[in-house]
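Per-entry structural report
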Amino acid sequence: MDKHSRKLKPKAARTHQSRADAKKRIAKKSEKQSRWRSWLLSPLAWSIVLGSSGVIIAFGWISILFIMNPEQVSWLNEYLPEEAKIPVSKKDIPKTLAEIELSLKKQNLIVGESLSLDAAGNQQNNQKPQKPNLFLLPIFQKRNNCQSDCQELVELRVYQPSKEIEFQMQSETHYHLVTQLAISGLTKSFVEAPVGKNILESENQDKNSKLPFTQITAFNDSQLSPGFWFYLKGEHKQEDTAIVYGQIIHYNPLLRSLQQMLSWKNPNGKLPKWQQVTGSNTKELVIDQTLDVEPYFQVYQVKEGKLVKNSVSLEPITLKSVFEDFGYQKSLLLARNGLWTPAHAWLTSLQKQRKQPFSDAVKAQIDFIRLHSQFTKIQADKSWASPSQQVLSAVIDGRWEQALQVLTTSTNNGQEISNLLKSDKGRLWNRSTVALRLNPARRAVLAWAYLILTVQRGEERANSWLQ
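Just so we're clear, the structure is a prediction, and the values are computed from it rather than from any experiment.

**As for the sheet that holds strand β12 (residues 273-275)**
- If you trace the 4 strands from one edge of the open sheet to the other, you get β12-β13-β14-β15, paired in antiparallel fashion. Unpaired on one side and paired on the other, β12 and β15 (312-316) mark the two borders of the sheet. Pairs of neighbouring strands in the sheet enclose a mean axial angle of 35°, with direction left out of account.
- As paired strands, β12 and strand β13 (residues 284-288) are joined by 3 bridges and run antiparallel to one another. Paired with Trp274 across the bridge in β13 is Leu285.
- Lying on the sheet, helix α8 (residues 360-381) is in contact with β12 and β14 (297-304); it crosses β14 at an angle near 150°.

**With respect to the pairing of strand β3 (residues 135-142)**
- Of all the 8 residues making up β3, 6 are buried; the element is thus mostly covered by neighbouring parts of the structure.
- Examined bridge by bridge, strand β1 (residues 109-111) and β3 share 3 bridges and lie antiparallel to one another. Looking at β3, one finds that Leu109 is bridged to Gln141.
- Across 2 bridges, strand β2 (residues 115-116) lies against β3 in antiparallel orientation.

**Describing the environment of Val406**
- With respect to the secondary-structure elements, Val406 resides in helix α10 (residues 400-408).
- Residues Val406 and Gln390, spaced 16 residues apart in sequence, show a C-alpha to C-alpha distance of 7.4 Å.
- Once residues lying within four places of it in the same chain are set aside, the contact partners of Val406 are Pro387, Gln390 and Val391.

**Focus on the packing of helix α9 (residues 387-396) against helix α11 (residues 414-422)**
- For the pair α9 and α11, the least separation of the axes is 8 Å and the interaxial angle reads 45°. On the basis of the axis angle, α9 is oblique to α11. In this structure, the crossing between α9 and α11 has a hand that is right-handed. Of α11, the residues touching α9 (which contributes Pro387, Ser388, Val391 and Leu392) are Glu416, Ile417 and Leu420.
- Residues of the contact of α9 with α11, tallied by class, amount to 5 nonpolar, 1 polar and 1 charged.

**Some words on the nonpolar core**
- If you look at the biggest cluster of nonpolar residues, it comprises 45 residues, and the most contacted ones within it are Val299, Leu319, Ile369, Val391, Trp400, Leu428 and Trp448.
- With 7 residues, the top contributor of residues to this core is α8.
- Excluding residues that lie within four positions of it along the chain, Ile369 makes contacts with Leu319, Leu332, Ala335, Trp340, Ala343, His344 and Leu347.
- In terms of nonpolar packing, the next biggest core, distinct from the first, is built from 26 residues, Leu115, Leu117, Val178 and Phe230 among them.

**What about the pattern of salt bridges?**
- Counted under the stated rule, the structure contains 10 salt bridges.
- Between Arg399 and Asp381 there is a salt bridge whose closest N-O contact spans 2.9 Å. Separated by 18 residues along the polypeptide, Arg399 in the loop between α9 and α10 and Asp381 in helix α8 bring together distant segments of the chain.
- Each member of the salt-bridge network shares a partner with another, and the members are Glu294, Arg427 and Arg431.

**Digging into the packing of aromatic side chains**
- Throughout the structure, instances matching the rule amount to 11 aromatic pairs.
- Ring geometry for Phe135 against Tyr159: centres 5.8 Å apart, planes inclined by 25°, an arrangement best described as stacked. Here Phe135, found in strand β3, pairs with Tyr159, found in strand β4 (residues 151-161); they are 24 residues apart in sequence, far enough to count as distant. A single burial state applies to Phe135 and to Tyr159, both of which are buried.

**What about the sheet that holds strand β9 (residues 228-238)?**
- Spatial ordering of the open sheet is given by β8-β9-β10-β11, a layout of 4 strands whose pairing is antiparallel. Every interior strand has two partners, whereas the edge strands, β8 (215-218) and β11 (257-266), have only one. Averaged over all neighbouring strand pairs, the angle between strand axes comes to 25°, with direction disregarded.
- In terms of strand pairing, β9 meets strand β10 (residues 241-252) through 11 bridges, oriented antiparallel. From the neighbouring strand, Gln238 faces β10, where its bridge partner is Thr241.

**What to know about α10**
- Listed in full, the buried residues belonging to α10 are Trp400, Ala403 and Val406. Along the axis of α10, the buried positions cluster into a sector of 120°, meaning they face one direction only. Those residues of α10 that are exposed and angled more than 90 degrees off the buried face are Gln405 and Thr408.
- Where α10 is buried, its residues touch α9, α12 (427-438) and α13 (443-457).

**What about unusual backbone geometry?**
- Here the phi dihedral of Glu239 falls at roughly 55°; this positive angle occurs in a residue that is not glycine.
- As for its position among the elements, Glu239 is in the loop between β9 and β10.
- Note on Glu239: relative accessible area 72%, which makes it exposed.
- Phi is positive for Arg256, close to 50°, though the residue is something other than glycine.
- What makes Arg256 partly exposed here is its relative accessible area of 35%.

Rules and cut-offs
Residues numbered from 1 in each chain as written. Predicted model: local features only at pLDDT ≥ 70, side-chain atom pairs only at ≥ 80, totals over all residues. Heavy atoms only, no water. Pairing = 2+ DSSP bridges. Helix = DSSP H or I, 4+ residues; strand = E, 2+ residues; numbered from the N terminus. Axes fitted to C-alpha atoms, helices over the stretch in contact; angles between N-to-C directions. Contact = heavy atoms within 4.5 Å. Buried < 20%, exposed > 50% of the residue type's maximum accessible area, 1.4 Å probe, protein only. Parallel < 35°, antiparallel > 145°, perpendicular 65-115°, else oblique. Left-handed = near helix turned anticlockwise from the far one by under 90°. Nonpolar A, V, L, I, M, F, W, Y, C, P; charged D, E, K, R; others polar. Core = buried A, V, L, I, M, F, W, Y, C linked by side-chain atoms within 4.5 Å. Salt bridge = Lys/Arg side-chain N within 4 Å of Asp/Glu carboxyl O. Phe/Tyr/Trp six-rings, centres within 6.5 Å; stacked < 30°, edge-to-face > 60°. Arc of directions from axis to C-beta.

What follows is the structure, given as structure tokens:
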């Protein structure tokens, strides 16, 4: 072997060894990559990766909220030290029911029974649900120096579950304040005013002169207009009369607002109700202030608000003249003076004679008059034990001849009927004079007008008037 061959042999051996080492390194590296690939494909690895991504995203989202709207991450204050707490307005933070009650209790306020505002219906909850949806919460305070009904309604609030993800992730439902309405009662002058006399509520009167509300009740009627209707109620004693009074409240879901619609009072103790008075699709609100045999109904129609879109209003049906027509004008004159049945008969006859139908406003007036006429007819058809009540109910319904017959057949009760005429403060006299304006020759009406004047002003004055 020559010198050159001896030099190549060690070199070949080293090359062979290097290749072997390289193969081992490649194999080892391939094995590590295989194990790493296998680990990456395992559920544990994916859980760690996804969890880490979620944490990063969550921290990023919280950071954005902290910059844009710090109140939405105010729940973090529970876990942050005092010096690091996020400054937010406390009233805007969604709260649990327990937190709402505790907050009100610290202000010496009392939480009433919640009233559901769910779309399923306008129902009053007898028991507080664990997780109510949209609901109205009445708030009371204790009255000083009172014997009964010592809780006075001072505020109404509407709450709904918080829609923020941060609060929906909490174990307890948190509620957001949607709207609130302060309640202050009605003035004593309004409540004690006679039925039919318009006394406007004054917002500037001293709070101490106002009579409080002690109850709130929902109108449970599926045929009402969109929204939710409630009435507030209080009671006031005036001499021997127990007067109930209150307000009508409406919650508008579209405007997310509470509104005081109107104030009412009633000396006969009857509560407001919804009733189908006209032919409209929506019932009318009826306040029945009838006393004895004298009907007095206030009827309100639900109309679209004129100033705010999607708002509603309660408009009364009145006897104001809508158009010029002799028969129509005389019918309204009869109705304004309490002769409901003759007015309705005249309007019904006029409606049949017309070629063009009446407007909706006039039709509503006809239905309003019919409602009163139905009541006076029922009273006049009754068999009263008292002749004076029989006479009164007959005259109010325009049955002058029938009333005169009762008088002529009740000779032993002449003093009772005389006392009725003597105590009349205009309701019988006004009816008789209006009836005579339309038919001066009706002898029964003349007879009653003459009798009223004789009893109240003397026979000489009555004869002078008759001539």
